[in-house]
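# Fold and contact review
One-letter residues, chain by chain:
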Amino acid sequence: MKIYIDGKFYPEKDAKISVFDHGLLYGDGAFEGIRVYNGRIFKLAEHLDRLRASAQAIVLNLPMSREALTEAAVETCRRNKLRDGYIRLVVTRGVGYLGLSPYKCKKPTVFIIAATIELYPEKVYRKGMKLVTVGTTRTSPAALSPNVKSLNYLNNIMAKVEALHAGGDEGLMLNAQGYIAECTGDNVFILKRGVLLTPPTSAGALCGITRQTVMDLAGEAGIPVREENFTRYDIFTADECFLTGTAAEVVPVRELDRRVISGGRPGPVTTELMRRYKELTARNGTPIYA
Ligand code: PMP
C-alpha cells in the first residue's frame, strides 16, 4: 500500500507522522471518509466542501487547494490500483510543541490512505441491525459542534463501546435534551405514516453526505422527507428505521433496545432506498482512470 503524506508517497511501513503532530497529541485536525465505487470517487466535491468547513471552524488553513486535494486523492487511488474501496483524507494541525496553542504549529499535515473497507456483515443488510441507546450524549454544539468532523472521536468511541458492551451493533446517541442526535458513525432515519424523518443538524447530527444523498433519492421517489426532532418513542413506534453513512451506506434497523421495529425485517421504503443508493453509486463520481 502507498500512503500520501504532504505531497509524497510512502510504502505503508515508512508512512509515519511526528509524535509532536497536534493531530496525535490533541486530536487537533479534521478528516473525511470517502468511498470509491467502480473506479470513481463518490461525492468527492461534497466531502471536500465539508472538510473545508470543518477546517474553517477550527481555524485551520488547508495547505492545499481544492484542485490539489482532488488530484492527490485521485493519484493515491491510482498508485494503489483501487477501483472499489475507501479513502481516508486527514488534515492535522501539524508538528508543534507541547502545549495547546495551534499557532506554534508551522504547517498542517495532509495524509491520504486509499484502502479497502470492512462493511457491516452481510447479514445486517438482510436482517437489519440492533441499536442500543447509550448513556453518552452527543457533544453539545455549545462545546464543539458535531458538524466539525474532527480527529477527536472519543465521544463517539465511548458510545460505541457502550453499545458493544450491551450486545448491540450500534449505539443510538441522544443530545442533552433527550432528542435523537445520530449513531456513533451514521445518521438515523425513521419512516412514519409515509413520511421520512431525520434529526436536524441542530440536534447534534453530522451533516452526513449519505444523509443528504438519501434525502435527494427519497425526493425523486416521491417520498416526503422532513428534518425534525424526535425521541426514542418515535423509533419504537416507527414503521421503518435505517442508518446512513459513507462506509455503511443504507442499513436497515430491526431493533432498538430489544424492541422490534418494522416487524424485525427491512421495510419496503428502506429496501427501495438501498436499491436506489446502490444504483447511484455504481454510475456516479470523479473518474480515477479517465
Ligand atoms: N455521523 C457521524 C458521527 C459520522 O462520523 C459519520 C461519518 N462516518 C456520519 C454521521 C455519516 O456521514 P456521511 O454520510 O457523510 O459519511
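Residues numbered from 1 in each chain as written. Predicted model: local features only at pLDDT ≥ 70, side-chain atom pairs only at ≥ 80, totals over all residues. Heavy atoms only, no water.

### A closer look at the overall build of the protein chain
As a reminder, the rule being used: The way it works is that DSSP assigns letters per residue, a run of H or I at least four long becomes a helix, a run of E at least two long becomes a strand, and they are numbered from the N terminus. Relative accessible area decides the class of each residue, using a 1.4 Å probe on protein chains only: under 20% of the type maximum gives buried, over 50% gives exposed, and in between gives partly exposed. Contacts: residue pairs with any heavy atoms within 4.5 Å of one another. Using the Shrake-Rupley algorithm and a 1.4 Å probe, accessible areas are obtained, with residue cover drawn only from the displayed protein chains.
When its secondary structure is counted, the protein chain shows 8 helices and 16 strands. Dimensions along the principal axes, computed over C-alpha positions, put the protein chain at roughly 55 × 45 × 30 Å. A total of 290 residues make up the protein chain; the buried ones form 50% of that total. Nonlocal contacts in the protein chain, meaning residues at least 24 apart in sequence, comprise 70% of its contacts between residues at least 6 apart. Accessible area of the protein chain: about 13,800 Å², with a carbon and sulfur share of 54%.

### Re helix α5 (residues 154-165)
Our working definition: One less than the residue count of a helix, multiplied by 1.5 Å, gives the span that helix is expected to have. Arc definition: it is the arc formed by the directions from the helix axis to the C-beta atoms.
The terminal C-alpha atoms of α5, which comprises 12 residues, lie 16 Å apart, in line with the 16 Å expected from a rise of 1.5 Å per residue. Within α5, the full set of buried residues consists of Asn155, Asn156, Ala159 and Ala163. The arc enclosing the buried residues of α5, seen along the axis, measures out at 90°, which places them on a common side. Those residues of α5 that are buried lie in contact with β7 (129-133) and β8 (170-174). Positive phi appears at Gly167, one or two residues downstream of α5, with a value of about 85°.

### As for unusual backbone geometry
Positive phi, close to 50°, is recorded for Lys81, a residue that is not glycine. Its place among the elements puts Lys81 in the loop between α3 (66-79) and β5 (85-92).

### What to know about the site of the ligand
Inclusion rule: Residues are counted as near a molecule or strand when any one of their heavy atoms sits within 4 Å of it. Here a polar contact is taken to be a pair of N or O atoms separated by no more than 3.5 Å, where protein atoms must pair a possible hydrogen donor with a possible acceptor and residues adjacent in sequence count only if both atoms sit in side chains. Using a grid of 1 Å spacing that covers the protein atoms alone, one calls a set of points a cavity when a 1.4 Å probe fits there but cannot get out, and a pocket when the set is open and has protein on both sides within 12 Å along at least five of seven lines; lining residues are those with an atom within 4 Å of a point. Should more than half of a molecule's atoms lie within 2 Å of a pocket's or cavity's grid points, that molecule is taken to sit in it.
Taken together, 16 residues lie around the ligand, and Tyr153, Glu182, Ile209, Thr210 and Thr246 are the ones closest in. Separating an oxygen atom of the ligand from a side-chain N or O atom of Lys149 is a distance of 3.3 Å. Ile209 has a polar backbone atom sitting 2.7 Å from an oxygen atom of the ligand. For the ligand, whose accessible area on its own is 390 Å², the fraction buried by protein is 92%. When atom positions are compared with the pocket grids, the ligand is found to occupy the largest pocket.

### Details of empty space enclosed by the protein
Rules: Grid points are joined across faces, edges and corners, and a volume is the space filled by probe spheres set on the points. Residues are sorted three ways: Asp, Glu, Lys and Arg are charged, Ala, Val, Leu, Ile, Met, Phe, Trp, Tyr, Cys and Pro are nonpolar, and all the rest, Gly among them, are polar.
Throughout the structure, instances matching the rule amount to 1 cavity of 30 Å³ or more. Taken together, Arg35, Phe42, Lys43, His47, Ile209, Thr210, Thr246 and Tyr277 form the lining of the largest cavity. Residues that form the lining of the largest cavity fall into these classes: 3 nonpolar, 3 polar and 2 charged.

This is a description of form; function is not addressed.
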